[in-house]
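Structural features, examined
Here's the letter readout for the chains.
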Amino acid sequence: YIIIDGGSTDNSVDIIKKYADKITYWISENDNGTYDANNKALKKITGDFWCVVNSDDILFPCAIDKIVNAINQNPGQKWFAGAVKFIDENDNTIYSKVPEKPKSIAGYTFLQSCWILHPGVFLHKDTLSEIGLFEKYHSMDVNYWLRMEKYGYVPCVLEAFIAGLRMHKDCKSIDTVKANAETLKVCADFILKNQLKDLKDVKIKIKKDTLHYYRMKLTQELITNNKKQAFITLQKTATLSPDLMLQKWYWGAVKRLIMGVDYNDPMQKYFFEKENNANWNNLHD
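Note that this is a predicted model, so its numbers are computed, not measured.

Basis of the calculations
- Residues numbered from 1 in each chain as written.
- Predicted model: local features only at pLDDT ≥ 70, side-chain atom pairs only at ≥ 80, totals over all residues.
- Heavy atoms only, no water.
- Helix = DSSP H or I, 4+ residues; strand = E, 2+ residues; numbered from the N terminus.
- Contact = heavy atoms within 4.5 Å.
- Buried < 20%, exposed > 50% of the residue type's maximum accessible area, 1.4 Å probe, protein only.
- Pairing = 2+ DSSP bridges.
- Core = buried A, V, L, I, M, F, W, Y, C linked by side-chain atoms within 4.5 Å.
- Disulfide = S-S within 2.5 Å.
- Axes fitted to C-alpha atoms, helices over the stretch in contact; angles between N-to-C directions.
- Parallel < 35°, antiparallel > 145°, perpendicular 65-115°, else oblique.
- Left-handed = near helix turned anticlockwise from the far one by under 90°.

Bringing the side chain of E149 into the picture now. Positionally, E149 belongs in helix α5 (residues 140-150). When residues no more than four places from it in sequence are discounted, the contact partners of E149 are W79, Y108, T109 and F110.

Take a look at the structure:
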């Protein structure tokens, strides 16, 4: 066990010290973001396989046994991805996700979607020498999976449930607008770096994902009555895809922009916590 704590001011360090005799290495200090904390840990690993479990997530009972069995049954495989359950603060299952490989775009399935979830992923230590450490992104896992695919790696999918990814008001995944924007940035940077931007399928995917992001962002801005920014986002949407102005939802958005969003408006179901205290830092050096 390797524990990297970002200089917590609660009782985290006291709990770590309580189990110090069972921990291989631990440190508590400020870091430059989640990617930095993870890289500190990766530089300390000694085992053949590694996985990352954030402090609010869990591995299920017998998860390691299931992974070990999969390793033994698939000699030479260096990338395993198990099923994951989304859980709430009380460990109740919200929904489940068994990895399903989508159709690739320009040879990359992870340009289509992030179809595996990091708490259920185990990687061989050899990947570190070839792929390297995590790069400076909030969605560092998506970036890593794309880099893995670039080197020809394909995950071995386990239908067994390995981990629980906890959903609460302060996790990054709850702020879907920021999370979506970050994934767009990761994919855009990868596409540019690998000279994929002129491929037809890539162009279509970028446009589709950007429009989806604009709609999510517009929904948030309308619900929070940020009319100035909503007007700008609506303009961007129309500029990117003028044919959308013929659709009912577009004029529904215009109506809400002018008249506001009523408390009983169906759009309210897309509302999420405005106060999100997740570590959306600037990934500073």
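The discussion continues.
Burial runs high along strand β5 (residues 79-87): eight of the nine residues are buried. Relative to strand β7 (residues 121-124), β5 is paired through three bridges, and the arrangement is antiparallel. Considered in β7, the bridge of W79 is made with L123. Bridge count for β5 against strand β8 (residues 156-166) is seven bridges, and the pairing is parallel. Bridge assignment links A81 to a residue of β8, and that residue is V157. With four bridges connecting them, β5 and strand β6 (residues 93-97) associate as antiparallel partners. Within β6, the residue paired with F86 across the bridge is Y95. Connecting β5 to the next strand, β6, in antiparallel fashion are five residues, including D91 with a positive phi near 70°.

This paragraph deals with the pairing of β8. Pairing geometry for strand β4 (residues 58-59) and β8, over two bridges, is antiparallel. Note that in β8 the partner of L59 across the bridge is A163.

Membership of the largest hydrophobic core comes to 31 residues, with the highest contact counts inside it found for W79, Y144 and L146. When residues of this core are traced back to their parent elements, those giving at least two are α2 (34-42), β5, β7, α4 (126-131), α5 and α6 (176-193). The dominant element in this core, judged by the number of residues it contributes, is α5, at six residues. If we ignore the near neighbours within four places in the chain, the residues touching Y144 are W50, L123, T127, L128, I131, G132, L133 and F134.

Moving on: the state of the cysteines. Considering all chains together, one arrives at zero disulfides under this definition. A disulfide-free cysteine, C62 has its sulfur positioned 15 Å from the sulfur of C51, the nearest such atom. The thiol sulfur of C114 is not disulfide-bonded, and the nearest other cysteine sulfur, from C187, lies at 8.8 Å. For C114, a relative accessible area of 27% gives the class partly exposed.

In this section: the packing of α5 against α6. Two packed helices can be described by the angle between their axes and the distance between those axes. One can describe the packing of α5 onto α6 by two numbers: an axis separation of 9 Å at closest approach and a directional angle of 30°. As judged from the angle between their axes, α5 and α6 are roughly parallel. You can see that α5 and α6 cross each other, and the crossing is right-handed. Every residue of α6 that contacts α5 at V142, N143, L146, R147 and K150 is listed here: V186, C187 and F190.

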